[in-house]
Amino acid sequence: MPASTEASTRVDAVSPVSASDAPDSPDSRMAPGGPGYRRMSFALFLAGVATFALLYSTQALLPLISGEFGVAASEASWTVAAATGGLALFVLPMSALSERFGRRTVMTASLAVAVTVGLLVPFAPSLPALVALRAVQGAALAGLPASATAYLAEEVRPKALVTAIGLFVAGNSVGGMSGRVITGWVAQEWGWRVAVGVIGALAVACAVAFRLLLPAPRHFTAGSLRPRVLLGTVRGHLSDPLLRRLYAIGALFMTVFGGVYTVIGYRLTETPFSLPQGIIGSIFLVYLVGTVSASTAGRLVGRLGRRGALYAAGGTTATGLVLSLAGSLPLVLLGLVLITGGFFAGHAVASSAVSKTAVHGRAQASALYQSAYYIGSSAGSTIGALAFHAGGWTGTVTVGLLAVLGVVSITVLGTRAARTEQRLATA
């Protein structure tokens, strides 16, 4: 077992070997340039766009929501935290449904419910009602992330998996970017309610195209919905030290990202920047950096190894956090570029490692990662806003740097564990 993969090639003794994995049969799973690969990639890219556009549709609008309802940043931030929290709570049950009824079926149903709620969000009469709708929307979206990565792990050849998941994550970054940019400019002219309505309409279009394009699964085998089986699978994943480390890394990276992008709008409306809402929305164009870094994560892992890629992602994110403390807008923007690039690279590396490590119950393994990831988002949104209220932008950056330190510390533990395992194997 190569130390650089840290058990990513494990074989489960009781897992059946599919025909596509048999030594003497051709691998019929999709690969770049092969039949269906482009359709599949574009369909899941659109699903990622819809997911992040809906999930974070209120994030760039928090100052306007605070103004309409007369609440502080820490209260308005619940419109983001409720959505990500709902996703975190329901991603595991939804992954269990995908094991029984199929990845494509669950992803389609989840998008349908989420976009329907998205069209109701603009009519929320109060902040509590808005928070409740957003929680329902997040719970509905829970069927997407884990099911998508499990679908890819089953339908795409292993050598192309990091790249395929990177494209899905790139769709997340495009969705997050377009949602915030569109809402910023629309809200400047017509208010935040019209802005989130436009995002709902965009998500409807993405959902329809996704269902029309995604190829039917060819390697899915239905599992059981029995609670005992599900709990046994979950216990097995949580007992794996590598998976535990990957879950914690995903949560910590998202704590940084959630805190920064929840609060940045408030910072840029204040002196010395005093930017209008449309310009603040355009700041999220830096998500394009995340699109590139996520889609090239496979090459980064090939060059540095998984742990080396995580060190690089953490260092890039930390550098961006420090630069964002400057009082110069160009330096702040450069800091956001580095934070975004580092985050999306780290997320793509960690999430693909989860899919490669889990050889059975892949949907549950991915669901646990997504649950940790979005718990990190909710924590980052809430703690980042509270830190901003208590200590300004410096407080938010401090929270982010502590989270990055956690990522580096966990990766160091993984490096030491791999070296110990290698010594024992050669003893």
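Coordinates for the structure precede this section.
Residues numbered from 1 in each chain as written. Predicted model: local features only at pLDDT ≥ 70, side-chain atom pairs only at ≥ 80, totals over all residues. Heavy atoms only, no water.

This next bit is on the overall build of the chain. Assigned secondary structure in the chain consists of 16 helices and zero strands. The C-alpha radius of gyration of the chain comes to 21 Å, within 12% of the 22 Å expected for a compact globule of 427 residues. With respect to the three principal axes, the spread of C-alpha positions in the chain is 65 × 45 × 40 Å. Buried positions account for 57% of the 427 residues belonging to the chain. For the chain, restricting intrachain contacts to residue pairs at least 6 apart in sequence, the fraction spanning at least 24 positions comes to 83%. Accessible surface computed for the chain: about 16,600 Å², of which carbon and sulfur atoms make up 68%. Taking the average location of the 29 positive side-chain charges in the chain and that of its 14 negative ones, the two points are 4 Å from each other. (Helix = DSSP H or I, 4+ residues; strand = E, 2+ residues; numbered from the N terminus. Rg over C-alpha atoms; globule rule 2.2 N^0.38 Å. Buried < 20%, exposed > 50% of the residue type's maximum accessible area, 1.4 Å probe, protein only. Contact = heavy atoms within 4.5 Å. Areas by Shrake-Rupley, 256 points an atom, 1.4 Å probe, with all protein chains shown as cover. Lys, Arg positive; Asp, Glu negative; His and termini not counted. Charge placed at Lys NZ, Arg CZ, Asp CG, Glu CD.)

To continue, consider the side chain of S147. Mapped onto the secondary structure, S147 falls in helix α7 (residues 145-155). Judged by relative accessible area, S147 falls into the buried class, the value being 1%. From its side chain, S147 meets the backbone oxygen of G143 in a polar contact 2.9 Å long. Residues in contact with S147, not counting those within four places in the same chain, are S98, R103, V106 and M107. (Polar contact = N/O pair within 3.5 Å; in protein donor to acceptor, adjacent residues only side chain to side chain.)

Further remarks concern the packing of aromatic side chains. Throughout the structure, instances matching the rule amount to 11 aromatic pairs. Centre to centre, the rings of F42 and F45 are 6.5 Å apart; their planes meet at 15°, and the pair counts as stacked. Here F42 pairs with F45, and both are found in helix α1 (residues 37-55), just three residues apart, close to one helical turn. In this structure F42 comes out as partly exposed when scored by relative accessible area, which is 42%. (Phe/Tyr/Trp six-rings, centres within 6.5 Å; stacked < 30°, edge-to-face > 60°.)

Within the secondary structure layout, V162 lies in helix α8 (residues 161-190). Exposure remark for V162: the relative accessible area of 13% places this residue in the buried category. Residues within four places of V162 in sequence aside, it is in contact with A297, G298, S352 and K356.

What follows deals with the nonpolar core. Counting residues in hydrophobic clusters, the biggest one holds 125 residues, and the most contacted among them are M40, L44, L152 and Y261. The biggest single contributor to this core is helix α11 (residues 241-269), with 16 residues. Excluding residues that lie within four positions of it along the chain, L152 makes contacts with M40, L44, L161, A164, I165 and F168. (Core = buried A, V, L, I, M, F, W, Y, C linked by side-chain atoms within 4.5 Å.)

Within the sequence span of helix α2 (residues 62-69), burial applies to L62, P63, I65 and S66. The buried side chains of α2 occupy one side of the element, clustering within an arc of 165° when seen end-on. Check the buried side of α2 and you find it contacts α3 (73-76), α4 (78-101), α6 (127-141), α9 (192-213) and α11. Looking one or two residues beyond α2, the residue adopting positive phi is G70, at roughly 65°. (Arc of directions from axis to C-beta.)

We now examine the packing of α4 against α6. Their axes nearest at 6 Å, the elements α4 and α6 cross at an angle of 30°. As far as their axial angle goes, α6 and α4 are roughly parallel. Seen along the crossing, α4 lies across α6 with a hand that is right-handed. Side by side, α4 and α6 meet where W78, T79, V80, A82, A83, G86, L87, F90 and M94 of the first sit next to L127, L130, V131, R134, A135, G138, A139, A140 and L141 of the second. In the contact of α4 with α6, the residues fall into 14 nonpolar, three polar and one charged. (Axes fitted to C-alpha atoms, helices over the stretch in contact; angles between N-to-C directions. Parallel < 35°, antiparallel > 145°, perpendicular 65-115°, else oblique. Left-handed = near helix turned anticlockwise from the far one by under 90°. Nonpolar A, V, L, I, M, F, W, Y, C, P; charged D, E, K, R; others polar.)

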